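Reading the structure
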Amino acid sequence: MSYSTLSNGSKVTSAVAAVIEDASGRVLLCRQAGGHRLWGLPGGKIRAAESPVHAVIRDIREETGLETEVVELIGMYQLTGDGCGQTTPDLFVSVFRGRLDGGGPALNAPGRISGLAWHSPDALPEPLTATTRTAIADAAAGRTGVIREVERDSEPDIVEA
């Protein structure tokens, strides 16, 4: 796991994600297997000595069983705040636009995610991560190279399986 320390002494975790669209413009989302079972973009934490591009390709392969072509950087998002009522380190997420090579995705990491589904950017499921919501809006608007600070949402209800 990759951690950095900000100038104010707080820790930040580095992660990656990708906005992947199908032919009809729907976005691929993963539902977390634990915790609040939030919907989010496919991706994960960057391992030590791993580049963001390699990390997103690896994580998408682990979650969907498919290879991904990284097309461009949509943006870099610093997720801040303690939306879940506890001290949570900031999360710095590099979000790419990706394209799947091959067939449809299959749930490949059931311990980490409980589902994969395509959703219209205009009808996203809840609960959804704040970074996912912001990155999809940027991608839909055709933005690239965005740098944003995103505040965590307040704690959602834990959804039953």
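Remember, it's a predicted structure, so these values are computed and weren't measured experimentally. (Residues numbered from 1 in each chain as written. Predicted model: local features only at pLDDT ≥ 70, side-chain atom pairs only at ≥ 80, totals over all residues. Heavy atoms only, no water.)

**Observations concerning the sheet that holds strand β8 (residues 113-119)**
As summarised here, the arrangement of the 3 strands in space is β4-β3-β8, forming an open sheet in which the pairing is antiparallel. Of all the strands in the sheet, the pair left with one neighbour each is β4 (39-40) and β8. The sheet contact formed by strand β3 (residues 27-32) and β8 spans 6 bridges and is antiparallel. From the neighbouring strand, Val27 faces β8, where its bridge partner is His119. (Pairing = 2+ DSSP bridges. Helix = DSSP H or I, 4+ residues; strand = E, 2+ residues; numbered from the N terminus.)

**Some details on helix α2 (residues 130-140)**
Within α2 the residues assigned to the buried category are Ala130, Thr131, Thr132, Ala135, Ile136, Asp138 and Ala139. Gly142 lies just past α2 and shows a positive phi near 80°. (Buried < 20%, exposed > 50% of the residue type's maximum accessible area, 1.4 Å probe, protein only.)

**Quick notes on the side chain of Thr68**
As for its position among the elements, Thr68 is in strand β6 (residues 67-80). Take Thr68: its relative accessible area is 7%, and that puts it in the buried class. Setting aside anything within four residues of it in sequence, one finds Thr68 in contact with Ile20, Ile57, Ile60, Gly98, Arg99, Leu100 and Asp101. (Contact = heavy atoms within 4.5 Å.)

**A few points about the nonpolar core**
Core analysis: the largest hydrophobic core is formed by 19 residues, its most contacted members being Val19, Leu29, Leu41, Tyr77 and Val95. Secondary structure elements with two or more residues in this core: β2 (11-20), β3, β6, β7 (90-101), α2 and β9 (146-151). For this core, the element with the most residues is α2, which contributes 4 residues. Contacts of Tyr77, omitting those with residues within four sequence positions, involve Leu91, Phe92, Val93, Val95, Thr131, Thr134, Ala135, Asp138, Val146, Arg148 and Val150. If you look at the next biggest cluster of nonpolar residues, it comprises 12 residues, including Ala18, Ile46, Ala55 and Phe96. (Core = buried A, V, L, I, M, F, W, Y, C linked by side-chain atoms within 4.5 Å.)

**A look at unusual backbone geometry**
With omega at -5°, the peptide bond leading from Glu126 into Pro127 counts as cis. Mapped onto the elements of the fold, Pro127 is located in the loop between β8 and α2.

**Some points on the pattern of salt bridges**
Enumeration according to the criterion identifies 15 salt bridges in this entry. Residue Arg61 is joined to Glu67 by a salt bridge in which the shortest nitrogen-to-oxygen separation is 2.6 Å. A residue is classified by how much of its surface remains accessible, and Arg61, at 35% relative accessible area, is partly exposed. On the basis of relative accessible area, Glu67 is assigned to the partly exposed category, the value being 36%. Asp138 is the salt-bridge partner of Arg148, the closest N and O atoms lying 2.8 Å from each other. One end of the pair, Arg148, is in strand β9; the other, Asp138, is in helix α2, and 10 residues separate them in sequence. By relative accessible area, which is 31% here, Arg148 ends up partly exposed. On the basis of relative accessibility, which here comes to 2%, the residue Asp138 falls in the buried class. (Salt bridge = Lys/Arg side-chain N within 4 Å of Asp/Glu carboxyl O.)

Any functional reading would require information that these geometric values do not contain.
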